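What the coordinates show
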Amino acid sequence: MSEQRTSLLARLEAGPVPDAESWISEHSTQIRNSVTTYGAVLVRGLPISDRAAAVAAVRAVIGDGMAEREGFAPRDAYGDGVYSSSHWSADQPMCMHHELSYVATPPRLLAFACVTPPATGGITALADARAVLSDLPADLVERFERHGWRLTRSYNPLVGTPWQDAFGTKDRSEVERYCEENGLEAVWQGDDALSTVQTRPAVVAHPDSGERCWFNQIAFLNEWTMEPEVREFLIEEFGPEGLPFNTFCGDGSPLDRATIDHINEVYEKHTVREPWQRGDLLVVDNIRTAHSREPFKGEREIIVGLGEPFRP
C-alpha cells in the first residue's frame, strides 16, 4: 500500500484486496489519521463493483450514521445515514458547501464511494475551509462572524423537496416540534406550503484543533448562484419571498451578487480536483473541508454516508 499527499488530500492505494469493507476496517486508524492531518483522504483500488459493496464500504467508515433532515434535494436512502448523492440536474453545479451546515447538528464526517464514474465531469471537488476564511475580506468575515448567516426556505409541492420528505414525516405537529427544538421559525401557508427561517454560525471552531473554519452554505444556497433564467422564473412564479431557498447575513440584510461571486472565487482559488474512478472511496472532514459537485455527462452513481453529528 502506498500513500501520496497534498496540502488538502491524502491518497492511499489499497492494492489488490478481496473485500473493501474488511480492508477499510483494518485500516480505519490510518484513514482517520489522514483525514485529521489533511482534511480528506482518497482511497483508490478498492473492489467496489456495485451499490451493495459501496453501501458496505461507506458504513465501515461512518459507523452509526445520522439521518438527513432538511435536505434541499431528494436522495435515495440505503440505511441509517447512507444515501445516494443528491438528485440534482447533471448540467448544473452544486457549488462549494459544507454538508448540512444549516442544521443544528450537522455531520463531522462524510464518506463517498464511487460505483459508476461519469463519462466526463462530475468531480467532487474539495476546498480548505481554513484557507478560504483566511482569504476572505476581513470586514466580510467580521460581519458574518458577528451576525451568523440566515437561510430562508419555502417548501411547496411544485419546486424542490416537499416538506414531508425534508423532515421525514407527514405530521405537521412533528415538523413544528422539530423546528422548535432545532431553532427554526416555521410558518404554514395553506395545507401544503411551509416556510422556515434559521440563523446559524458562519465560522466555527474545529472541535479537535480549535482552528476557525468558514462553515456554511451562504454562496451555494443564495439566489445569485442560481442560473439567471432559473432565478427570474422562480421570482416571477413565487415572488422574491417564495424562492425555494435563499441566504442573508444573520441580521437579515440581503447579499449582493458581488459578495456571492467573491466567496465563490475564493473557494475556486483553494479547490483541489480529482476525477472519480470506479471503486474510489473519499473520506472528508466536513468541518475543515468544503466540497462541490461539478456538472457531468453520462451515468454517475456515488454513495454518500453522513456520520458523527456535532453541535457547532
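Look up: the structure comes first, before these words.
The numbers attached to residues start from 1 for each chain and follow its sequence in the written order. The predicted origin of the model limits local features to residues at a pLDDT of at least 70 and limits the giving and counting of side-chain atom pairs to 80 or more, whereas totals for whole chains, interfaces and linings rest on all residues. To get the side-chain values, all heavy atoms of the structure are used, and hydrogens and water are removed first.

So, on to the sheet that holds strand E9 (residues 149-155). Pairing within the open sheet is antiparallel, and its 4 strands lie in the order E10-E11-E9-E14. Of all the strands in the sheet, just strand E10 (185-189) and strand E14 (245-249) have a single pairing partner and so form its edges. Neighbouring strand axes in the sheet, compared pairwise and without regard to direction, differ in orientation by 15° on average. Direction of pairing for E9 relative to E14: antiparallel, over a ladder of 5 bridges. Pairing of Thr152 across the sheet is with Asn246, part of E14. By definition, residues are in contact when any of their heavy atoms lie within 4.5 Å. Axes here mean lines fitted to C-alpha atoms, for a helix over just the part in contact, with angles spanning 0 to 180 degrees between N-to-C directions. Strands are runs of DSSP state E lasting at least two residues, helices are runs of H or I lasting at least four, and both sets are numbered from the N terminus onward. Packed on one face of the sheet, helix H5 (residues 138-147) meets E9, strand E11 (193-200) and E14 and runs near 105° to E14. Sheet strands touched by helix H7 (residues 172-181): E10 and E11. Its angle to E10, the strand with the most contacts, is close to 155°. At least two DSSP bridges between two strands are required for those strands to pair.

In this description, a pair of aromatic rings is defined by centroid distance and the angle of the planes. Two rings from Phe, Tyr or Trp (for Trp, the six-membered ring) form a pair when their centres sit within 6.5 Å of each other. Planes less than 30 degrees apart are called stacked, planes more than 60 degrees apart edge-to-face, and all others tilted. Taken as a whole and judged by the stated rule, the model has 9 aromatic pairs. Relative to Trp88, the ring of Phe72 has its centre 5.6 Å away and its plane inclined at 90°; by these criteria the two rings are edge-to-face. Of this pair, Phe72 sits in the loop between helix H3 (51-62) and strand E4 (82-84) while Trp88 is found in the loop between E4 and strand E5 (94-97), placing the two residues 16 residues apart along the sequence. What makes Trp88 partly exposed here is its relative accessible area of 22%. Aromatic rings pair up to connect Phe72, Trp88, Phe220 and Phe245 into one cluster. For every residue, the accessible area (1.4 Å probe, protein chains only) is compared with the maximum for its type, and the residue is labelled buried under 20%, exposed over 50%, or partly exposed between those bounds.

Among the secondary structure elements, Val284 is positioned in strand E16 (residues 281-285). A relative accessible area of 0% means that Val284 is categorised as buried. For the pair Val284 and Leu9, spaced 275 residues apart in sequence, the C-alpha to C-alpha distance is 9.0 Å. Once you skip the residues sitting within four places of it in the chain, Val284 turns out to touch Val35, Gly39, Ala40, Arg108, Leu109, Leu110, Phe112, Leu126 and Thr289.

Here we come to H7. Among all positions of H7, only Val175, Tyr178 and Cys179 are buried. Viewed end-on, H7 has its buried residues packed into an arc of 95°, placing them on one side of the element. Summarising the geometry of H7, the exposed residues directed more than 90 degrees from the buried face are Glu180 and Glu181. Buried residues in H7 make contact with helix H6 (163-167), E10 and E11. Summarising the geometry, the arc corresponds to the directions from the helix axis toward the C-beta atoms.

Turning to the pairing of strand E19 (residues 301-309), a few remarks are in order. Along any regular strand, the residues point their side chains to alternate faces of the sheet. In terms of burial, E19 is largely enclosed, as 7 of its 9 residues are buried. Taken together, the 3 bridges between E4 and E19 define a ladder with antiparallel strand orientation. Within E19, the residue paired with Tyr83 across the bridge is Val304.

A word on the pattern of salt bridges. Any Lys or Arg side-chain nitrogen located within 4 Å of an Asp or Glu carboxyl oxygen qualifies as a salt bridge. For the structure on display, the rule yields 17 salt bridges. The partner of Arg75 in a salt bridge is Glu99, and the shortest N-O contact between them spans 2.6 Å. Within this pair, whereas Arg75 is found in the loop between H3 and E4, its partner Glu99 is found in the loop between E5 and strand E6 (107-116), the two being separated by 24 residues in sequence. For the pair Arg75 and Glu99, a shared accessibility class is recorded, and that class is buried. Here Arg130 and Glu211 are joined by a salt bridge, their closest N and O atoms 3.2 Å apart. Here the residue Arg130 occupies a position in helix H4 (residues 129-135), and Glu211 occupies one in the loop between strand E12 (203-205) and strand E13 (212-214), the gap between them amounting to 81 residues. The network of salt bridges with common partners includes Arg11, Arg44, Glu274 and Asp280.

Read these as spatial facts, not as claims about activity.
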